[in-house]
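# Observations on the model geometry
Given next are the chains, with one letter for each unit.
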Amino acid sequence: MAVRHVLQQADIERALTRIAHEILESNRGVDDLVILGIPTRGVMLAARIAEIIRRIEPNAPAALAGSLDVTMYRDDLSHTRTRTPAPTDVPVGIDDRTVVLVDDVLYSGRTIRAALDALADLGRPRAVRLAVLVDRGHRQFPIRADFVGKNLPSAASERINVLLREVDGEDGVTIEGASDEAPALHARPRP
Amino acid sequence: MRHLLSTRDLGRDRAIELLDIAEDMAAVQQREVRKLPTLRGRTVVNLFFEDSTRTRVSFEAAAKRLSADVITFSAKGSSVSKGESLKDTAQTLQAIGADAVVVRHQASGAPQTLATSGWIDAGVVNAGDGTHEHPTQALLDAFTMRRRLHGDASRGRGLDGARVVIVGDVLHSRVARSNVWLLDALGAEVTLVAPPTLLPVDVSAWPARVGYDLDAAIDSGPDAVMMLRVQAERMHAAFFPNSREYSRTWGLDDARFARLPRTTMVMHPGPMNRGFEIAASAADSAQSTVLEQVANGVSVRMAALYLLLSGEREVAA
């Protein structure tokens, strides 16, 4: 089966740097900014974006990035195998702040819908923005990303793999053709 | 997970997974909105053939915080008191559409029967059966110990090397049984200390040491001392001469408590017989985890219900 490399390590770094600049520009600085990654790879991307922001804005607070687990808010809990939740770690309160949600792949939009529900239980942000490394289309909800690393139109049968050195040992994004194997969780077409 | 009937067949990985999920559930309890939408539309039936406030309320809170519909059914005042059988009750619950049944029963093995008889499709949680097991109590005890020992670094860890002394009426205690299996699976060393008359005959096969001298156990400086309630209601024979003698020999009194290291946890599954198996000074001390155990019970039961009710239903084995 053909595996095509779509993004290399340098491409990912450039995309995250651009996203960090765009976040700072739209937020007019780092004031009241919270960056929350959605486990698993969104958390690492959020931490990298926060790191880049700290390089650009040395005054940025140390507690800028956290994680927001959405497992308990998913609408497919009875349709898939049991998911083990990951920790939620919100570094500061989110009330009246701008929250940037970060995920690796934006697909159906169901994960983000769940994330919005989870956020509502944590507080009332002033605004919620969405940053993703890859937007592959096929939305099932009226959700769009504010900051996109790479738009990657794909067939529903294709599989997008985001590899990050923190868990995969290397950085990269690949696309695979249709397969009989079980697709990756984030790339699975959901009912 | 299809059912939660005992800790004996739980295994280390599953137990740690359950405790880790309970960590997430505990985090939710610290929030302003303590509710999750996870089990919306699911029905949990609390089927209590035996009186219990603590466990029933804990399961009820756990199910409600996961947004499940909860039906509490106590045998008193129900058709069970008119002679309805467990089978008929189960089939009624099946007709109502119960997704999970939390069952407490005075007969050892009743939850097992409910889970394996084919009378009902629901997942079954054992909330205490006779003198057999009480798995969620053991899990909440392990959760409490893990948090006291490892704090924020608890996730993913067992209780390797922790020394736990379980004291008292082991014979009638389902809590002790469930704890022995679970603590062993998690890597803890368990010592049972009890009057010989209150130890089961098959105790030598358990993964635990057995001792008869509470003072020696106290002086060994264990990480946790778990006092069991003397279950007078289950005692149909004389197991010790009188309560004063029991208290003097097997009770955690002021003097014994004073000799314990300040870091030793004092645990009790409740309800406590103060001044009998445990002195008030120990029960109310900073070392006592009694109220933490109650609070953690809700988190652990939320985790159990989550594992039971999320995911595609596994086919019954």
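Structure: see above.
Heads up: these notes are all about the structure in this document. (Residues numbered from 1 in each chain as written. Chains lettered and ligands numbered in written order. Predicted model: local features only at pLDDT ≥ 70, side-chain atom pairs only at ≥ 80, totals over all residues. Heavy atoms only, no water.)

Bringing the overall build of chain A into the picture now. In terms of regular secondary structure, chain A is built from four helices and eight strands. When the helices and strands of chain A are read in sequence order from the N terminus, they spell out β-α-β-α-β-β-α-β-β-β-α-β. Taken over the C-alpha trace, chain A has a radius of gyration of 16 Å; the compact-globule value for 191 residues is 16 Å, and the two agree within 12%. Projected onto its principal axes, the C-alpha positions of chain A cover 50 × 40 × 30 Å. (Helix = DSSP H or I, 4+ residues; strand = E, 2+ residues; numbered from the N terminus. Rg over C-alpha atoms; globule rule 2.2 N^0.38 Å.)

Looking only at helices and strands, one finds eleven helices and nine strands in chain B. Its C-alpha radius of gyration of 19 Å places chain B within 12% of the 20 Å reference for a compact globule of 317 residues. If you line up chain B on its principal axes, its C-alpha atoms span 55 × 45 × 35 Å. Put simply, chain B has 317 residues, and 58% of those count as buried. Taking all contacts inside chain B whose residues are at least 6 apart in sequence as the whole, residues at least 24 apart take part in 76%. By element, 50% of the accessible surface of chain B is carried by carbon and sulfur atoms, the whole surface being about 12,700 Å². For chain B, the centre of its 36 positive side-chain charges and the centre of its 37 negative side-chain charges are spaced 4 Å apart. (Buried < 20%, exposed > 50% of the residue type's maximum accessible area, 1.4 Å probe, protein only. Contact = heavy atoms within 4.5 Å. Areas by Shrake-Rupley, 256 points an atom, 1.4 Å probe, with all protein chains shown as cover. Lys, Arg positive; Asp, Glu negative; His and termini not counted. Charge placed at Lys NZ, Arg CZ, Asp CG, Glu CD.)

Okay, the sheet that holds strand 3 (residues 100-105) of chain B next. All names here are of chain B. Ordered in space as 2-1-3-4, the four strands form an open sheet in which the pairing is parallel. Taken across any chain shown, the strands that pair with only one partner, and hence form the sheet edges, are strand 2 (69-74) and strand 4 (123-129). Shown here is a sheet whose adjacent strand axes are inclined to one another by a mean of 15°, direction ignored. Relative to strand 2, strand 1 (residues 43-48) runs parallel, the two sharing six bridges. When the bridges of strand 2 are listed, threonine 43 appears paired with aspartate 69. On top of the sheet, helix 11 (residues 290-309) reaches strand 1, strand 3 and strand 4; it is set at about 150° to strand 4, its chief contact. (Pairing = 2+ DSSP bridges. Axes fitted to C-alpha atoms, helices over the stretch in contact; angles between N-to-C directions.)

Looking at soluble globular proteins, one finds that nonpolar side chains tend to be buried together. Grouped together as the largest cluster of nonpolar side chains are 88 residues, with contacts concentrated most on Met145, Ile166, Leu192 and Leu305 of chain B. Per-element accounting of this core gives the leading share, ten residues, to helix 11 of chain B. (Core = buried A, V, L, I, M, F, W, Y, C linked by side-chain atoms within 4.5 Å.)

Looking now at helix 2 (residues 54-65) of chain B. All names here are of chain B. Given a rise of 1.5 Å per residue, twelve residues ought to cover 16 Å, and the 16 Å separating the end C-alpha atoms of helix 2 matches this to within 8%. Every buried residue of helix 2 is accounted for by Thr55, Ser58, Phe59, Glu60, Ala62 and Ala63. Those residues of helix 2 that are buried are in contact with strand 1, strand 2, strand 3, strand 4, helix 5 (135-150) and helix 11. Once helix 2 finishes, serine 67 follows within two positions and takes phi at roughly 70°, a positive value. (Expected span 1.5 Å × (residues − 1).)

Right, let's get into the layout of surface pockets. Approximately 720 Å³ is the volume found for the largest pocket. Thr88 of chain A together with Asp24, Ala27, Val28 and Arg31 of chain B are, among the 33 residues lining the largest pocket, the residues nearest its centre. The set of elements that each furnish at least two residues to the lining of the largest pocket consists of helix 3 (110-122) of chain A together with helix 1 (12-29) of chain B. Considering every element that reaches the lining of the largest pocket, the biggest residue donor is helix 1 of chain B, with six residues. For the lining of the largest pocket, a count of residues per class yields 16 nonpolar, seven polar and ten charged. (1 Å grid on protein atoms, 1.4 Å probe; cavity = no way out; pocket = protein on both sides within 12 Å on 5 of 7 lines; lining within 4 Å. Points joined across faces, edges and corners; volume = space filled by probe spheres on them. Nonpolar A, V, L, I, M, F, W, Y, C, P; charged D, E, K, R; others polar.)

What follows covers the interface of chain A and chain B. Each side of the interface is counted separately: chain A has 16 residues, and chain B has 17 residues. Note on chain A versus chain B: buried area summed over both sides is about 1,400 Å², and carbon and sulfur give 56% of it. Per-residue buried area on chain A facing chain B is highest for Met72, Thr82 and Asp121 of chain A; these three make up 38% of the total on that side. Taken together, the links from chain A to chain B amount to zero salt bridges. Here chain A and chain B share five residue pairs in polar contact (both at pLDDT 80 or more) between them. A breakdown of the residues in the side of chain A that touches chain B according to their chemical character gives seven nonpolar, six polar and three charged. (Buried area = accessible area lost by both parts, 1.4 Å probe. Salt bridge = Lys/Arg side-chain N within 4 Å of Asp/Glu carboxyl O. Polar contact = N/O pair within 3.5 Å; in protein donor to acceptor, adjacent residues only side chain to side chain.)

This paragraph deals with the sheet that holds strand 5 (residues 127-135) of chain A. All names here are of chain A. On the basis of which strands lie adjacent, the open sheet formed by five strands has the order 3-2-4-5-6 and parallel pairing. Looking at which strands have only one partner, the edges of the open sheet turn out to be strand 3 (65-67) and strand 6 (147-151). The average undirected angle you get between the axes of adjacent strands in this sheet is 25°. Note that strand 2 (residues 33-37) and strand 3 share three bridges and pair parallel. Bridge pairing in strand 3 links leucine 36 to glycine 66. Against the sheet, helix 1 (residues 9-27) engages strand 2, strand 4 (98-106), strand 5 and strand 6, with an angle of about 150° to strand 6.

In short, shape yes, function no, at least from these values alone.
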